[in-house]
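Overview (structure and organization)
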Amino acid sequence: MTQTFILQNQDKLFFGKNKEWVDGYDANSVFKTPHKDEAVNQMFEITSKDYKQRVKVIPCDLDDKGLPMIEADIMPAPLPKIPKPPKAGTDLFAEPAAEQLDNDEAEPEEELIFTTESDEDENSPATQAKLI
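Quick caveat: nothing in here was measured; it's all calculated off a predicted structure.

In terms of helices and strands, the protein chain carries one helix and six strands. For the protein chain, the α and β elements follow one another from N to C terminus as β-β-β-α-β-β-β. For the protein chain, buried positions account for 24% of its 132 residues. For the protein chain, the accessible surface area stands at approximately 11,200 Å², while carbon and sulfur atoms represent 52% of it.

Below, the discussion takes up the packing of aromatic side chains. Across all of its chains, the model carries two aromatic pairs by this definition. Summarising the aromatic geometry, the rings of phenylalanine 15 and tryptophan 21 are spaced 5.4 Å apart at their centres and angled 65 degrees between planes, so their arrangement reads as edge-to-face. Judged by its relative accessible area of 6%, phenylalanine 15 is buried. Residue tryptophan 21 is classed as partly exposed on the basis of its relative accessible area of 22%. With a centroid separation of 5.8 Å and 75 degrees between ring planes, the pair formed by phenylalanine 15 and phenylalanine 31 is classed as edge-to-face. Placement of phenylalanine 15 in strand β2 (residues 14-15) and of phenylalanine 31 in the loop between β3 (21-22) and α1 (36-49) is noted, with a sequence separation of 16 residues between them.

Another aspect to go through is the confidence of the model for the protein chain. Interpreting fine coordinate detail is not advised for predicted regions of low pLDDT. Residues at a pLDDT of 70 or more form 69% of the protein chain, whose mean pLDDT is 80. For the protein chain, the element scoring lowest by mean pLDDT is strand β6 (residues 128-131), at 63; α1 scores highest, at 95.

Our focus in this paragraph is the environment of asparagine 28. Mapped onto the elements of the fold, asparagine 28 is located in the loop between β3 and α1. For asparagine 28, a relative accessible area of 43% translates into the label partly exposed. C-alpha separation for the pair asparagine 28 and glycine 16, spaced twelve residues apart in sequence, amounts to 8.9 Å. Among residues more than four places away in sequence, those in contact with asparagine 28 are Lys17 and Leu67.

Let us now look at unusual backbone geometry. A positive phi angle, near 70 degrees, is found at lysine 12, a position not held by glycine. Tracing the backbone shows lysine 12 in the loop between β1 (3-8) and β2. Residue classification places lysine 12 among the partly exposed positions, given a relative accessible area of 39%. At lysine 19, a position not held by glycine, the phi torsion is positive, near 60 degrees. Along the chain, lysine 19 turns up in the loop between β2 and β3.

Once that is clear, we can look at the side chain of threonine 4. Examined against the element boundaries, threonine 4 turns out to sit in strand β1. We classify threonine 4 as buried; its relative accessible area is 3%. Reaching out from threonine 4, the side chain makes a polar contact with the backbone oxygen of threonine 33 at a distance of 2.9 Å. With residues up to four places along the chain from it excluded, the contact list for threonine 4 reads Lys32, Thr33, Pro34, Ile58, Pro59, Cys60, Leu62 and Pro68.

The rules behind each value
- Residue positions are counted from 1 within each chain, in the order its sequence is given.
- Since the coordinates come from a predicted model, pLDDT governs what is reported: local features require at least 70, and pairs of side-chain atoms require 80 or more to be given and counted, while whole-chain, interface and lining totals use all residues.
- By convention in this description, side-chain values take in all heavy atoms of the structure and omit both hydrogens and water.
- By definition, any uninterrupted DSSP run of H or I lasting at least four residues is a helix, any uninterrupted run of E lasting at least two residues is a strand, and each is numbered from the N terminus.
- Partly exposed residues are those whose accessible area sits between 20% and 50% of the maximum for their type, while under 20% is buried and over 50% is exposed, using a 1.4 Å probe and protein chains only.
- Each accessible area is a Shrake-Rupley estimate made with a 1.4 Å probe; only the visible protein chains count as cover when residues are assessed.
- Stacked, edge-to-face and tilted labels apply to pairs of Phe, Tyr and Trp rings (six-membered ring for Trp) whose centres lie within 6.5 Å, assigned for plane angles under 30 degrees, over 60, and everything in between, in that order.
- The pLDDT score gives, residue by residue, the confidence of the prediction method on a 0 to 100 scale.
- Any two residues having at least one pair of non-hydrogen atoms within 4.5 Å are treated as being in contact.
- Definition of a polar contact: a pair of N or O atoms within 3.5 Å, with one able to donate and the other able to accept a hydrogen when the atoms are protein atoms, and with sequence-neighbouring residues admitted only if both atoms are side-chain atoms.

Next up, the structure:
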């Protein structure tokens, strides 16, 4: 096994490949480098942009797949999952599909018929919808 370096802040979150803080449960998304000086440079950049961050460099071993094996005692609580944005070309205003009812439970739809004659009242408008 070889050694790599990862970055962790004061909230126990790890610096990710996408330059955002991740919880580390997906080891593939964690920023890692085999060079300590590169990790220190990245730490310096992070603290230069946000002076409130307290970042430290943590050495850890790699597993067979080349992912960092992060010790359980330094892991944070899992972050809540953020829903993925809709893909391009999908209707942003469409309502989520409702569960389809069985044919036995579904109510039949009523047909609308438009007529020009009024059966009930002479004062009603010329066109009126009737439910059948």
